[in-house]
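Each chain, written out:
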Amino acid sequence: MLRLSTFIRDLMSIKKTLLFAVLLFAAGVAAGWISTGALAELVNQQLSGLKEVSGNLQNSKHPQWSFFGFIFLNNSIKGVLIVYLGLLVGILPVMFLLVNGMVIGYLVHSLSAQGESIADLVIRGLLPHGIIEIPAIIIACAYGIKMGSWVISGIYPRRRAWGREGEGVLRKSVTAAFWVVILLFAAAIIESTVTYALMQN
């Protein structure tokens, strides 16, 4: 059930939901890029919390190990939770995608406005780990949205196959959660080593 081939096959079965999740994330990035007022305040709150944690980790005895532990635990716990919080009719995965996209869009835009090179920011600060981490989060949210659509479909009394569909959805969610954690583990290693080293220069 947890084989990579099963995971890939399951992904192919939710292509439309994956595309929807990608579009939501892209919309979040765009909103973050042009954010002003209350929207900017929301993103700044997210970033201030991250900066505080980053400062504490930087001052630890072994900062790279501390970064790895924090990044992996934080992302993997959120990744698994967001799959199953989708049972609340899919609202939280949608919000998670939008907010994370907004943070990235706002951060890149604000730093570029301060004279930083966008290409440099993306290549050094985002691409090494983001090429794994962002798809993993999008996949987790897509499964969360799928869980929510299954719950919503149960509202219709004539859906006699709802229970059988649920067995398939839940089985796929377990496989997805397992591989999302694996992907986020790899991303955390890269972020705490390659990205960390690049951003120190």
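Going by the structure above, here's the rest.
Note that the structure is a prediction, hence the values are computed from the model and not measured.

A. Molecular detail of the overall build of the protein. Within the protein, the secondary structure is distributed over seven helices and zero strands. Taken from N to C terminus, the helices and strands of the protein fall in the order α-α-α-α-α-α-α. Here the protein holds 201 residues, and the buried ones make up 36% of them. A separation of at least 24 residues holds for 82% of the contacts in the protein among residues at least 6 apart in sequence. Of the roughly 11,400 Å² of accessible surface on the protein, a fraction of 69% belongs to carbon and sulfur atoms.

B. Representation of the packing of aromatic side chains in the model. Scanning the model with the defined rule gives six aromatic pairs in all. Considering the side-chain rings of Phe68 and Phe185, the 5.6 Å spacing of their centres and the 80 degrees angle between planes classify their relative orientation as edge-to-face. Taken as a pair, Phe68 in helix H4 (residues 63-84) and Phe185 in helix H7 (residues 162-200) lie far apart in primary sequence, 117 residues in all. With relative accessibility at 15%, the residue Phe68 sits in the buried group. By the ring-pair criterion, three or more aromatic residues cluster together here, those being Trp65, Phe68, Phe72 and Phe185.

C. Seen up close, helix H6 (residues 118-153). Its 36 residues place the ends of H6 only 43 Å apart at the C-alpha level, less than the 52 Å of an ideal helix rising 1.5 Å per residue. At Gly130, H6 shows its maximal bend, which comes to roughly 65 degrees.

D. Layout of the packing of helix H2 (residues 15-33) against H6. With their axes 9 Å apart at the nearest point, H2 and H6 run at an angle of 135 degrees to one another. In terms of their interaxial angle, H2 and H6 are classed as oblique. In terms of crossing hand, the pair formed by H2 and H6 is right-handed. Along its contact with H2, which presents Thr17, Leu18, Phe20, Ala21, Val22, Leu24, Phe25 and Trp33, the element H6 presents Ile118, Ile134, Ile138, Ile139, Ala142, Ile145 and Lys146. For the contact of H2 with H6, a count of residues per class yields 13 nonpolar, one polar and one charged.

Conventions adopted
Residues numbered from 1 in each chain as written. Predicted model: local features only at pLDDT ≥ 70, side-chain atom pairs only at ≥ 80, totals over all residues. Heavy atoms only, no water. Helix = DSSP H or I, 4+ residues; strand = E, 2+ residues; numbered from the N terminus. Buried < 20%, exposed > 50% of the residue type's maximum accessible area, 1.4 Å probe, protein only. Contact = heavy atoms within 4.5 Å. Areas by Shrake-Rupley, 256 points an atom, 1.4 Å probe, with all protein chains shown as cover. Phe/Tyr/Trp six-rings, centres within 6.5 Å; stacked < 30°, edge-to-face > 60°. Expected span 1.5 Å × (residues − 1). Bend = angle between axes of the 7 residues up to and from the residue. Axes fitted to C-alpha atoms, helices over the stretch in contact; angles between N-to-C directions. Parallel < 35°, antiparallel > 145°, perpendicular 65-115°, else oblique. Left-handed = near helix turned anticlockwise from the far one by under 90°. Nonpolar A, V, L, I, M, F, W, Y, C, P; charged D, E, K, R; others polar.

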